[in-house]
Structures are given as structure tokens and as C-alpha cells.
Amino acid sequence: MTLGLAPLTLAVHTVGRSARSELIADVRTGLAATPKWLPPRWFYDERGSQLFDRITELPEYYQTRTETQILHDCAAAIAAAVQPESLVELGAGSCSKTRILLDAAHAQGTLTTFVPFDVSDAALSHAAHGLLDDYPWLRVYGLVGDFAAHLSYIPRLGRRLVAFLGSTIGNLDGSERRRFLADVRGLLAPGDAFLIGLDLVKDREELHAAYDDSAGVTADFNRNVLRVINRELDAGFEVDAFEHVALWNDAESRIEMHLRATRDMEVDIPLAQMRVRFAEDESVRTEISCKFTRESGEAMLADAAMRVVQWHTDPDQRFALALALPD
């Protein structure tokens, strides 16, 4: 459907991406590197998205419930400051927290359109349809794509509040963060605003538990990247031959997730035209999750020509939401 022809509009685009070609390129680059790595976006097929939703409900995983409470406390102030006509959510996922912002912005009487952007077309389509059912006044323009390549496809549908929740910014390394935030800054015209979730530096044991839960859900989520490669590239990974590892990197102020080989092995990946050798205890880094302070968060945004005008956190200083305007 064409956006604007009806009150309820859903347009899901793949913006010209070839997911398999991108996966092949990432596998060839990451598994040929020393040390080996894979980008975390390949966790998120339908099963991976479901596993991550389960993670957000675990007792050890404080991020989602803490950020949700902060949103309940501050959404009205954010909406009043921005009065958005369009809410854009990057990495929208299930859109569970989005509803708090939608309600607050709707109360301002300005919001007409929601633009969820996500790498998973299945999760995006499911969430978008649910929102259309629950918000009959809302237009939804869903966009499937990758942060690194497709932000420019996001349509301008009035004054924007661009939201990037969940501290997903922490999954990017320094150079990736700079590129991403420069692209976000390019989306912002005068009057627009950027809302970002930042997980804050805290006790290491609490951080470690959040990424290595006692029920093993995070371990299953981590191994899902191997299942994706097996299915999409006809690879021969023995998924259970890799163990989940979460560790704290003090120098980089981040948690890292790895998959560690439990024995020597060789894995054929036919569609990537490669065979990968693993030594016992060799690991593949699958995710980083950087943690921030108020000072480092504000400096990061200032480097991207954005200034923080609201800073909201919980009483225990676990998590923060920063509202920034373009300079």
C-alpha cells in the first residue's frame, strides 16, 4: 500500500538488500580474521528474536524492565519537548516499549505516524500488525534494513523523534558508533530529536549475570547465529560443540559474548566457499555490549553534533535515557 492513502497503512520494504549475500560477506570476513568474530545482527531470525524476547523477561536481565520504568516516568516530558509528528524507532523488535512513547506522543495531539526499522522482517511485520490493531489512529511504515546501509531510506513524515532504545548502541565498536551516529544526525532537521538508551557502568557480577543467565537462554541465543549460518549457507556447525562465554573487558568498558570451541574441528560452509578450522578453546566473538557513564554518553553525542537536553535515569543509576537535539 502507498503511505497516506488510508488511515491504516503498513509498508514493509527490504530496501534492496540481499540478506544472504550480506551474511556470506560477514562470514567470510569474520571467520577468516584472527581472532574470529561474527556480527550480532545474525542472531535475529524468527527464533533468535523470540529468544531475545525471553531474555528481556529473565530476572538477571535488568535492562528492559529498568528502561521501561524510566520511559513510564519520562515519556510525557520527552513528548512535550519534541511534539513529534513521526516516531522513528531503530531496532524496533517487538515494539513492546514503543507503546509508552506512542501513548505519550498521542496525548500531545501531534503524532500521526510510526516508522519501525529492524533487521528482522518477521518480527517487524508481526509487531506492526499488532500496533495497527491497537492504535487505529496510527499509520505504520515498516522498514527492514541494516543500520550501516539503510538509514537514508527512512521517510520524512513530519517532525521526527528518532528512538534507539535498549542500549543497542553498545553493540557497536567505536568506529561503528561514530558512523552510525553521524547517519542519525543526518536524519535530524531543526525541531527533530534523538532519544537513546544507554546501559551504565555498574557492578561486574551484575553485568556478567545479565549475559550468562542461569536458565541458559542467553547461551541458546548466542548459539543461534550458528543455526542461522547452517540453514542459510548449508554449513556444518555442530552447534552444541560450542559453549557460551560472557566476559568483562575492562579496557573497553564492555561485556563480550563468545562461542568457544570445545574441541578441535573443521567446519565446511559451502555457500561461503570456505572451510574454517577451530582449535580447542578457540573462540568467536559474537557480540559486544559497551557500558557508559553520563560523561562518556554526552561526549559521544557531542562528537556527532548533538547536545543532550534531558537525562533520565533510575534511582540505582543502572540505565539512562538521553534526549538530544541537533546542534
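Overview of the structure. Model, not experiment: these values are computed from the prediction. Sequence positions are assigned chain by chain, starting from 1 and proceeding in written order. Given that the model is predicted, a residue must reach a pLDDT of at least 70 before its local features are reported, and side-chain atom pairs must reach 80 or more before they are shown or counted; all residues, however, enter totals for whole chains, interfaces and linings. To obtain the side-chain values, all non-hydrogen atoms of the structure were included, while hydrogens and water were left out.

## Here we look at the overall build of the chain
Helix and strand counts for the chain come out as 10 helices and 14 strands. Its C-alpha atoms give the chain a radius of gyration of 20 Å, within 12% of the compact-globule value 20 Å for 327 residues. In terms of its C-alpha atoms, the chain occupies a principal-axis envelope of roughly 60 × 45 × 35 Å. In the chain, which comprises 327 residues, the share counted as buried stands at 54%. Two residues qualify as a contact provided that any one of their heavy atoms is within 4.5 Å of a heavy atom in the partner residue. Here the contacts in the chain between residues at least 6 apart in sequence split such that 74% fall between residues at least 24 apart. We count Lys and Arg on the positive side and Asp and Glu on the negative side, and we leave His and both chain ends out. Note that the charge is assigned to NZ on lysines, CZ on arginines, CG on aspartates and CD on glutamates. One finds the centroid of the 33 positive side-chain charges in the chain at a distance of 4 Å from the centroid of its 49 negative side-chain charges. Counting from the N terminus, the helices are DSSP H or I runs at least four residues long and the strands are E runs at least two residues long. Radius of gyration: over C-alpha atoms. The globule rule applied is 2.2 Å multiplied by the number of residues raised to the 0.38 power. Each residue is assigned to one of three classes by its accessible area relative to the maximum for its type, calculated with a 1.4 Å probe on protein chains only: buried under 20%, partly exposed between the two thresholds, exposed over 50%.

## Looking at empty space enclosed by the protein
Cavities and pockets are defined on a 1 Å grid built over the protein atoms alone: a cavity is a set of grid points where a 1.4 Å probe fits but cannot escape, while a pocket is an open set with protein on both sides within 12 Å along at least five of seven lines, and lining residues are those with an atom within 4 Å of any such point. Grid points are joined across faces, edges and corners, and a volume is the space filled by probe spheres set on the points. One pass over the structure, following the stated rule, counts one cavity of 30 Å³ or more. By volume, the largest cavity amounts to about 40 Å³. Along the walls of the largest cavity sit Ala75, Ile78, Ala79, Pro84, Leu87, Leu101, Ala105 and Leu161, which together make up its complete lining. Those elements that place two or more of their residues in the lining of the largest cavity are helix H3 (62–82) and helix H4 (98–107).

## Considerations on the packing of aromatic side chains
Pairs were defined over the aromatic rings of Phe, Tyr and Trp, the Trp ring being its six-membered one, requiring ring centres within 6.5 Å. Orientation was assigned from the angle between planes: stacked under 30 degrees, edge-to-face over 60, tilted for the rest. On inspection of all chains with the given rule, the structure shows 15 aromatic pairs. Centre to centre, the rings of Tyr61 and Tyr211 are 6.4 Å apart; their planes meet at 70°, and the pair counts as edge-to-face. Here the residue Tyr61 occupies a position in the loop between helix H2 (46–55) and H3, and Tyr211 occupies one in the loop between helix H8 (204–210) and helix H9 (217–233), the gap between them amounting to 150 residues. Between Phe242 and Phe278, the ring centres sit 5.2 Å apart and the planes meet at 85°, which makes this aromatic pair edge-to-face.

## Focus: the pattern of salt bridges
Any Lys or Arg side-chain nitrogen located within 4 Å of an Asp or Glu carboxyl oxygen qualifies as a salt bridge. For the coordinates displayed, the defined rule picks out 25 salt bridges. One salt bridge in this structure joins Arg159 and Glu85, with 3.9 Å as the shortest N-O distance. Here Glu85 lies in the loop between H3 and strand E2 (86–90) and Arg159 lies in the loop between helix H6 (147–150) and strand E6 (160–164), a separation of 74 residues in the sequence. Classification of Arg159 by relative accessible area gives partly exposed; the value is 27%. A salt bridge links Glu243 to Arg260, with the nearest nitrogen and oxygen atoms 2.7 Å apart. Here Glu243 is found in strand E8 (residues 242–249), whereas its partner Arg260 is found in strand E9 (residues 254–261), with 17 residues between them in sequence. A relative accessible area of 30% places Glu243 in the partly exposed class. Several salt bridges share partner residues, and in doing so they unite Arg20, Asp45, Arg231 and Glu232 into one network.

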